[in-house]
Amino acid sequence: MLQQTQVKTVLPRYEAWFERFPSIQSLAEASLDDALKAWEGLGYYRRARFIHQAAQRIMETYAGQFPVDFEAMLTLSGIGRSTAGAISSFCFQTPTPILDGNVKRVLKRWEKNVDLKGKQLWHVAQYAIEQACDAGLWNQAMMELGATVCSPRQPSCQTCPVSEHCLSAFDVDTSLPTKKQLVKDVYWQVLIHQQDDKGIFLQQRPKQGIWASLWSPPLIELQEKPQQKPNHIHLLTHRRLHLYVNTDEFDSDGVEGQWFHSLDAIALPTGIHRLFSSLNLKL
Ligand code: SF4
């Protein structure tokens with residue numbers, strides 16, 4: 001939950017998630033819609049889909065017990081080498097490193113080698129953790145060091161507890177290239193159909209792509225930017241979504257989707273919730 005999301009946003013949601021899904025079994029038995037609903041508003045819904053899939057796999061393949069084996073963890077959806085390293089070191093004290101953005105930066109500075117990457121970086125991380133008495137604590141300390149002391153632009157070498165051992169101490173190249181995100185503009189017509197007796201017509205988005213598996217009014221991608229102003233603009237990591245409402249008459253016969261009187265049991269993207277609020281559309 002904390003990936004790309006602030007701690008203060010996550011805390012109440014974390015507790016609510018475990019109230020709703022107190023065990024792996026309860027999550028595995030829930031529908032994907034239930035999992036997405038519990039995740040609603042946190043963004044990056046891929047994470048909720050992965051956790052749900054992983055819970056089902058743990059029930060089917062590991063009799064409901066989270067696997068202890070590192071290689072087995074890697075077979076679970078959404079768990080890569082770094083996440084498996086975290087879980088394994090925190091829970092089972094294995095010398096398995098984490099290599100998130102903060103830790104990468106610390107290790108590159110430690111070795112004074114900005115070109116370290118891939119296998120070499122993993123090798124350095126592995127060597128380092130093998131010197132630690134407590135692998136879980138080591139991983140947490142490395143992440144914390146990168147997040148609070150060895151920051152990208154203003155590393156605080158004066159207060160750094162490892163400055164004696166770091167090859168870049170007091171001589172840090174802070175001009176490290178930062179990745180520039182390319183944001184693409186996307187123009188969507190949003191077909192809003194609401195009837196007193198039926199509610200609102202929504203479609204479930206495809207399993208892949210933007211807003212995957214969430215519910216929204218039918219969306220039509222426009223090839224050109226319309227002349228009029230959009231009703232709402234929603235920003236994602238790599239996309240700027242321009243939403244244009246269309247309320248023309250609509251025949252839903254034969255169109256995939258459902259009418260809803262209430263949105264309580266389904267998850268909608270934050271962009272659509274905001275669009276509905278701006279239109280004062282209530283259900
Ligand atoms: S001494 Fe400076 S560059 Fe080295 S790890 Fe500490 S804060 Fe980062």
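Rules behind the numbers
Residue positions are counted from 1 within each chain, in the order its sequence is given. Selection of residues for local features in this predicted model requires a pLDDT of at least 70, selection of side-chain atom pairs for listing and counting requires 80 or more, and totals for whole chains, interfaces and linings are taken over all residues. Helix numbers and strand numbers start at the N terminus; a helix is a DSSP run of H or I with at least 4 residues, a strand a run of E with at least 2. A residue is called partly exposed when the number of other C-beta atoms within 10 Å of its own lies between 12 and 20, exposed at 12 or fewer, and buried at 20 or more, with C-beta atoms placed from the backbone. Residue pairs are scored as contacts if the distance between their C-beta atoms, which are placed from the backbone, is within 7 Å. Axis angles are defined between N-to-C directions and span 0 to 180 degrees, where every axis is a line fitted to C-alpha atoms and, for a helix, only to the segment in contact. The labels follow the angle: roughly parallel below 35 degrees, roughly antiparallel above 145, roughly perpendicular from 65 to 115, and oblique for the rest. Gly falls in the polar group here, along with every residue not listed as nonpolar (Ala, Val, Leu, Ile, Met, Phe, Trp, Tyr, Cys, Pro) or charged (Asp, Glu, Lys, Arg). Marked domain ranges trace back to an automatic or database domain assignment. What pLDDT reports is the predictor's confidence in each residue, on a scale of 0 through 100. Expected span of a helix, by definition, is 1.5 Å for each gap between consecutive residues, and there is one gap fewer than residues. Here, the arc refers to the directions that run from the helix axis to the C-beta atoms. Two strands make a pair as long as DSSP finds a minimum of two bridges between them. For each residue, a C-beta atom is placed from the backbone, and the residue is labelled near a molecule or strand when this atom is within 6 Å of it. Core membership is restricted to buried Ala, Val, Leu, Ile, Met, Phe, Trp, Tyr and Cys residues, and these are joined into a nonpolar core through C-beta atoms within 7 Å.

A. Highlighting the overall build of the protein. Secondary structure summary: the protein contains ten helices and eight strands in total. With the C-alpha coordinates of the protein rotated into their principal frame, the extents come out at 70 × 50 × 30 Å. Expressed as a percentage of the 283 residues in the protein, the buried residues total 23%. Contacts in the protein between residues at least 24 apart in sequence constitute 64% of all its contacts with a sequence separation of at least 6.

B. How the structure looks around the packing of helix H6 (residues 81-92) against helix H9 (residues 135-149). Two elements in contact, H6 and H9, have axes separated by 7 Å at closest approach and are oriented at 130 degrees. As summarised for this structure, H6 and H9 are arranged oblique, according to the angle between their axes. Two secondary-structure elements touch here, H6 through Gly85, Ala86, Ser89 and Phe90 and H9 through Ala135, Gly136 and Asn139. Residue composition of the contact of H6 with H9, grouped by class: three nonpolar, four polar and no charged.

C. Fine view of the environment of Ile233. Inspection of the secondary structure puts Ile233 in strand E6 (residues 232-235). In the structure, Ile233 is positioned 219 residues away from Tyr14 in sequence and 28 Å away in space, judged by C-alpha atoms. Apart from the residues lying within four places of it in its own chain, the contact partners of Ile233 are Arg240, Leu241 and His242.

D. Here's a closer look at the domain arrangement of the protein. Each domain of the protein was delimited in the assignment, giving domain 1 (1-79), domain 2 (92-179) and domain 3 (184-278). Computed from C-alpha atoms alone, the centre-to-centre distance between domain 1 and domain 2 is 28 Å.

E. The arrangement of the confidence of the model for the protein in detail. In this model, the protein carries an average pLDDT of 93, and 98% of its residues clear a pLDDT of 70 or more. Here strand E2 (residues 194-195) stands out as the element of the protein with the lowest mean pLDDT, 90, in contrast to helix H2 (residues 24-29), whose mean of 98 is the highest.

F. Region of the structure containing helix H4 (residues 46-61). Relative to the 22 Å expected for 16 residues at 1.5 Å per residue, H4 spans 22 Å between its end C-alpha atoms, a close match to the ideal helical length. Every buried residue belonging to H4 is among Ala48, Ile51, His52, Ala54, Ala55 and Ile58, and all of these are buried. Taken down its axis, H4 places every buried residue within 160 degrees of arc, on the same side. Buried residues in H4 make contact with H2 and helix H3 (32-39). Following H4 by one or two positions, Ala63 adopts a phi angle in the positive range, close to 50 degrees.

G. Up close: the pairing of E6. With four bridges connecting them, E6 and strand E7 (residues 239-246) associate as antiparallel partners. Across the sheet, His232 pairs through a bridge with Leu243, a residue of E7. The hairpin turn running from E6 into E7, its antiparallel successor, is three residues long.

H. Seen up close, the packing of helix H7 (residues 101-110) against H9. Where H7 meets H9, the closest approach of the two axes is 8 Å, and the angle between their N-to-C directions is 85 degrees. Taken together, the axes of H7 and H9 lie roughly perpendicular to each other. Only Met142, Met143, Leu145, Gly146 and Ala147 of H9 make contact with H7, whose side of the interface consists of Asn102, Val103, Arg105 and Val106. Counted by class, the contact of H7 with H9 contains six nonpolar, two polar and one charged residues.

I. Just the site of the ligand, in detail. Inspection of the region around the ligand gives 15 residues, with Cys150, Cys157, Cys160, Cys166 and Ala169 positioned closest. Among the elements that make up the shell around the ligand, the one with the highest residue count is H7 (three residues). Its residues assigned to classes, the shell around the ligand comprises eleven nonpolar, three polar and one charged.

J. Broad picture of the pairing of E7. The sheet contact formed by strand E1 (residues 184-191) and E7 spans eight bridges and is parallel. By the bridge assignment, Leu191 is partnered in E7 with Asn246.

K. View of the sheet that holds E7. Spatial strand order, E5-E1-E7-E6: four strands in an open sheet with mixed pairing. Two strands lie at the open edges of the sheet, namely strand E5 (219-222) and E6, each paired on one side alone. On average, adjacent strands in this sheet sit at an angle of 30 degrees to one another, irrespective of strand direction. Contacting E1, E6 and E7, helix H10 (residues 270-278) runs over the sheet at an angle of about 155 degrees to E6.

L. Seen up close, the nonpolar core. Counting residues in each nonpolar core, the largest one holds 44 residues, and the members touching the most others are Leu36, Trp39, Val103, Val106 and Leu214. Counting residues per element, this core draws most heavily on H4, at five residues. With sequence-adjacent residues up to four places away left out, Leu214 is seen in contact with Leu36, Tyr45, Arg205, Ala267, Leu268 and Pro269.

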